[in-house]
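Summary of the model geometry
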Amino acid sequence: MDGKSAILKKIRTSLKASPDDGTRRTAVTSRLAETPRGIIPARGQLPGPARVDLFVAMAEKYSATTTRIADLSALPTAVADYLKGRNLPAAVRIGNDPRLAVAPWGEERTLEIRHGASDGHDLAAVSHAFGAIAETGTLALLSGPDNPVTLTFLPEHHIVVLDARDIAGDMEAVWSRLRAVNGKAVMPRTVNLVTGPSRSADIEQTLLLGAHGPRALHIIVVGEPST
């Protein structure tokens, strides 16, 4: 008997469950097939513009900064303005996200674009969020070559591009969309839910930004929301 089988056997024994229990097998199969939704709070169930306003308010409540642009043509300028406003070098690292690739980066001639995963020496990075949760001001960021997870955690300044149409009212809606896009049994290696910059108050209850990741989170909301 291998280690996995031994552990499962001990769990069954403690639960007084038989591996041949048809009722339990049916219950598990049904649970996996139906993917029931949890309780949906009313807080985020708002029409499009109000939903975006709630997301922005909650994100800023948790120390993120935000700006809005009409479309991706304005993205390079928005990124350059953020860097200038904080006296940062005009350089960012981005992954291979095709949505970011269409932005006219060349129009910002002083802005240096580096591609690929971060090695920890980048001050600023740009990612594209899969979606967001209005009720908590939370971003949903998927790992992968399009948006390497190192961009989410290593640079001091994380700039996240978010399509206004991808702002959902609640977390359940984000998971439902992810299953619809990828297929029910296919998930990225990680889904990182990010609310504001990294923070910790472990030492003497003193709040410290940047404890376990970026100390600044800037969100660029693009376009108009769906209804």
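Residues numbered from 1 in each chain as written. Predicted model: local features only at pLDDT ≥ 70, side-chain atom pairs only at ≥ 80, totals over all residues. Heavy atoms only, no water.

The protein is annotated in an unreviewed UniProt entry as Lactate utilization protein C of Ciceribacter thiooxidans.

1. Brief notes about the sheet that holds strand E4 (residues 124–128)
The condition is simple: Strand pairing is defined by DSSP finding a minimum of two bridges between the two strands. Put simply, DSSP H or I for four residues or longer makes a helix, DSSP E for two residues or longer makes a strand, and each gets a number counted from the N terminus. Only C-alpha atoms enter the line fits that serve as axes; for helices the fit covers just the stretch in contact. Angles between N-to-C directions range over 0 to 180 degrees. Here, residues are in contact when the closest pair of their heavy atoms is within 4.5 Å.
Pairing within the open sheet is parallel, and its six strands lie in the order E1-E12-E7-E4-E2-E3. The sheet is open, and its two borders are formed by strand E1 (65–69) and strand E3 (112–115), each paired with just one other strand. Neighbour to neighbour, the strand axes of the sheet diverge by 25 degrees on average, direction disregarded. Pairing of strand E2 (residues 91–94) with E4, which is carried by two bridges, proceeds in the parallel orientation. The residue bridging isoleucine 94 from the neighbouring strand is valine 126, located in E4. Packed onto the sheet, helix H4 (residues 75–85) meets E1, E2, E4, strand E7 (157–163) and strand E12 (216–222) and runs at close to 155 degrees relative to E12.

2. Structural notes on the pattern of salt bridges
Any two side chains of opposite charge can pair if their charged atoms end up close together. The test is simple: What counts as a salt bridge is simple: a side-chain nitrogen of Lys or Arg found within 4 Å of a carboxyl oxygen of Asp or Glu. For every residue, the accessible area (1.4 Å probe, protein chains only) is compared with the maximum for its type, and the residue is labelled buried under 20%, exposed over 50%, or partly exposed between those bounds.
Evaluation of the coordinates by the stated rule reveals eight salt bridges. As a salt-bridge pair, arginine 177 and aspartate 166 come within 3.3 Å of each other at their nearest N and O atoms. Of this pair, arginine 177 sits in helix H7 (residues 171–182) while aspartate 166 sits in the loop between E7 and strand E8 (167–168), and the two are 11 residues apart along the sequence. Given a relative accessible area of 30%, arginine 177 falls into the partly exposed group. Here the residues in one salt-bridge network are Arg93, Glu112, Arg114 and Asp122, joined through shared partners.

3. Regarding the side chain of asparagine 192
Spelled out, the test is: Pairs of N or O atoms within 3.5 Å make up the polar contacts considered here, provided that, within protein, one atom can donate a hydrogen while the other can accept it, and that residues adjacent in sequence are counted only when both atoms are side-chain atoms.
Here asparagine 192 is to be found in strand E9 (residues 191–194). Residue classification places asparagine 192 among the buried positions, given a relative accessible area of 15%. Side-chain polar atoms of asparagine 192 contact the side chain of threonine 190, separated by 3.5 Å.

4. Some remarks on the sheet that holds strand E5 (residues 131–133)
Sheet architecture is open: four strands sit in the order E8-E5-E6-E9, paired in mixed fashion. Each of the sheet's edge strands pairs with one partner strand only, and the pair in question is E8 and E9. Taken together, the two bridges between E5 and E8 define a ladder with parallel strand orientation. Directly across from alanine 132, in E8, lies its bridge partner isoleucine 167. H7 contacts E5, strand E6 (138–142), E8 and E9 of the sheet and is inclined by roughly 160 degrees relative to E5.

5. Some words on the pairing of E2
On any regular strand, side chains alternate: one points to one face of the sheet, the next to the other face. Residues Ala91 and Arg93 point to one face of E2 and Val92 and Ile94 to the other, with burial holding for every one of them. Across four bridges, E2 lies against E3 in parallel orientation. Within E3, the position partnered with isoleucine 94 by the bridge is histidine 115.

6. Considering the environment of glycine 106
Tracing the chain through its elements places glycine 106 in the loop between helix H5 (98–101) and E3. Given the relative accessible area of 56%, glycine 106 is considered exposed. Along the chain, glycine 106 and proline 76 lie 30 residues apart, while their C-alpha atoms are 8.4 Å from each other.

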